[in-house]
Amino acid sequence: ELKVEQNPLFLSMQEGKNYTIYCNYSTTSDRLYWYRQDPGKSLESLFVLLSNGAVKQEGRLMASLDTKARLSTLHITAAVHDLSATYFCAVWGNEKLTFGTGTRLTIIP
Amino acid sequence: NAGVTQTPKFQVLKTGQSMTLQCAQDMNHNSMYWYRQDPGMGLRLIYYSASEGTTDKGEVPNGYNVSRLNKREFSLRLESAAPSQTSVYFCASSRDRIYEQFFGPGTRLTVL
């Protein structure tokens, strides 16, 4: 069974700081997705990572994939308040997409 | 394009009542999914339809049934609602199963 673990589960950070969210998974996969969810809203697709070494960037967010380490990271640079949300990674493996339990990110002014 | 739409947005049921959640997508996607989201549990797959005419159980199918009405529409039915089915339900679709999924706005269901 594919297991997907995110850490931390909760993260409070000050505006302007940098931080990284980690997504570890238990079986071989080269297809990983990152989503964002605002409170009371749906999931919005952020990044699609399809190969080892893939790196995608959008504004202050950058995602990378290391398939050998079975690890993806979501790096936040110089955080701003509107990045406050819950972030999910999802990994394709064993013929299904498995979601992590999410990281709730709060940016403090 | 509306993307993925769901109705209703909110629903309150009494234990034992039945209801159907509707989902439609206009992206010509082959695959559609129903998830539930509960605090601290992430997203759990209830049922999916890999292509028109097929449906399969996901992680938590008990108490639910689905119908893939056509390529666009995928409904979720609760035959006899239970308080344990209180949750937020999301429908999603993707070009095929391995591709990025796009989510609807969700249905917040409370079973009393």
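Placed above this text is the structure.
Bear in mind the structure is a predicted one, so any value in this text is a computation, not a measurement.

With that out of the way, let us pick up the overall build of chain B. Counting secondary structure elements, chain B contains zero helices and eleven strands. Along chain B, from the amino end to the carboxyl end, the secondary structure elements read β-β-β-β-β-β-β-β-β-β-β. Projected onto its principal axes, the C-alpha positions of chain B cover 35 × 30 × 25 Å. The 112 residues of chain B split such that 47% are buried. Contacts spanning at least 24 positions in sequence make up 56% of the contacts within chain B whose residues lie at least 6 apart. Just so you have it, chain B exposes about 5300 Å², and 49% of that area is on carbon and sulfur atoms. Between the centroid of the 12 positive side chains of chain B and the centroid of its 9 negative side chains there is a distance of 5 Å.

Let's shift gears to the side chain of B:Asp38. All names here are of chain B. Assignment of secondary structure puts Asp38 in strand 4 (residues 31-38). A distance of 2.8 Å separates a polar atom in the side chain of Asp38 from a polar atom in the side chain of Arg44. Polar contacts involving the side chain of Asp38 include one to the side chain of Ser87, which spans 2.8 Å. Setting aside residues no more than four positions away along its own chain, Asp38 makes contact with Arg44, Thr86 and Ser87.

Turning to the interface of chain B and chain A, a few remarks are in order. Contacts between the two partners involve 16 residues from chain B and, on the opposite side, 18 residues from chain A. Taken together, the two surfaces of chain B and chain A that pack against each other cover about 1400 Å², and 55% of this comes from carbon and sulfur. On the chain B side of the contact with chain A, B:Arg97, B:Ile98 and B:Glu100 bury the most area, a combined 36% of that side's loss. Summed over the shared surface of chain B and chain A, the result is zero salt bridges. Scanning the region where chain B abuts chain A turns up eight residue pairs in polar contact (both at pLDDT 80 or more).

A word on the sheet that holds strand 6 (residues 55-58) of chain A. Residues and elements named next belong to chain A. Ordered in space as 1-3-8-7-6, the five strands form an open sheet in which the pairing is antiparallel. Looking along the sheet, the strands with just one partner apiece sit at the ends: strand 1 (4-7) and strand 6. When the angles between neighbouring strand axes are averaged without regard to direction, this sheet yields 15 degrees. Pairing between strand 7 (residues 61-66) and strand 8 (residues 71-76): six bridges, direction antiparallel. Each bridged residue has a counterpart across the sheet, and for Ser64 the counterpart in strand 8 is Thr73.

Moving on to the pattern of salt bridges. Tallied over the entire structure, the rule returns five salt bridges over all chains. Notably, a salt bridge pairs A:Arg36 with A:Asp38, separated by 2.9 Å at the nearest N-O pair. Between B:Arg77 and B:Glu79 there is a salt bridge; the shortest N-O distance is 3.2 Å. The exposure class assigned to B:Arg77 is partly exposed, which follows from its relative accessible area of 29%. Look at B:Glu79 and you get partly exposed, because its relative accessible area is 44%. What emerges from the salt-bridge pattern is a single network uniting B:Arg36, B:Asp38 and B:Arg44.

On to the pairing of strand 5 (residues 42-49) of chain B, then. Within a regular strand, side chains alternate between the sheet's two faces. Residues and elements named next belong to chain B. When you tally the buried positions in strand 5, you get eight out of eight residues, the bulk of the element. Note: strand 4 against strand 5, seven bridges, orientation antiparallel. Across the sheet, residue Tyr35 finds its bridge partner in strand 5, namely Leu45. As consecutive antiparallel partners, strand 4 and strand 5 are separated by three residues, and within that stretch Gly40 has a phi angle of approximately 75 degrees, a positive value.

Thresholds, definitions, all that
- Residues numbered from 1 in each chain as written.
- Chains lettered and ligands numbered in written order.
- Predicted model: local features only at pLDDT ≥ 70, side-chain atom pairs only at ≥ 80, totals over all residues.
- Heavy atoms only, no water.
- Helix = DSSP H or I, 4+ residues; strand = E, 2+ residues; numbered from the N terminus.
- Buried < 20%, exposed > 50% of the residue type's maximum accessible area, 1.4 Å probe, protein only.
- Contact = heavy atoms within 4.5 Å.
- Areas by Shrake-Rupley, 256 points an atom, 1.4 Å probe, with all protein chains shown as cover.
- Lys, Arg positive; Asp, Glu negative; His and termini not counted.
- Charge placed at Lys NZ, Arg CZ, Asp CG, Glu CD.
- Polar contact = N/O pair within 3.5 Å; in protein donor to acceptor, adjacent residues only side chain to side chain.
- Buried area = accessible area lost by both parts, 1.4 Å probe.
- Salt bridge = Lys/Arg side-chain N within 4 Å of Asp/Glu carboxyl O.
- Pairing = 2+ DSSP bridges.
- Axes fitted to C-alpha atoms, helices over the stretch in contact; angles between N-to-C directions.

Shape is all these values report; function is a separate question.
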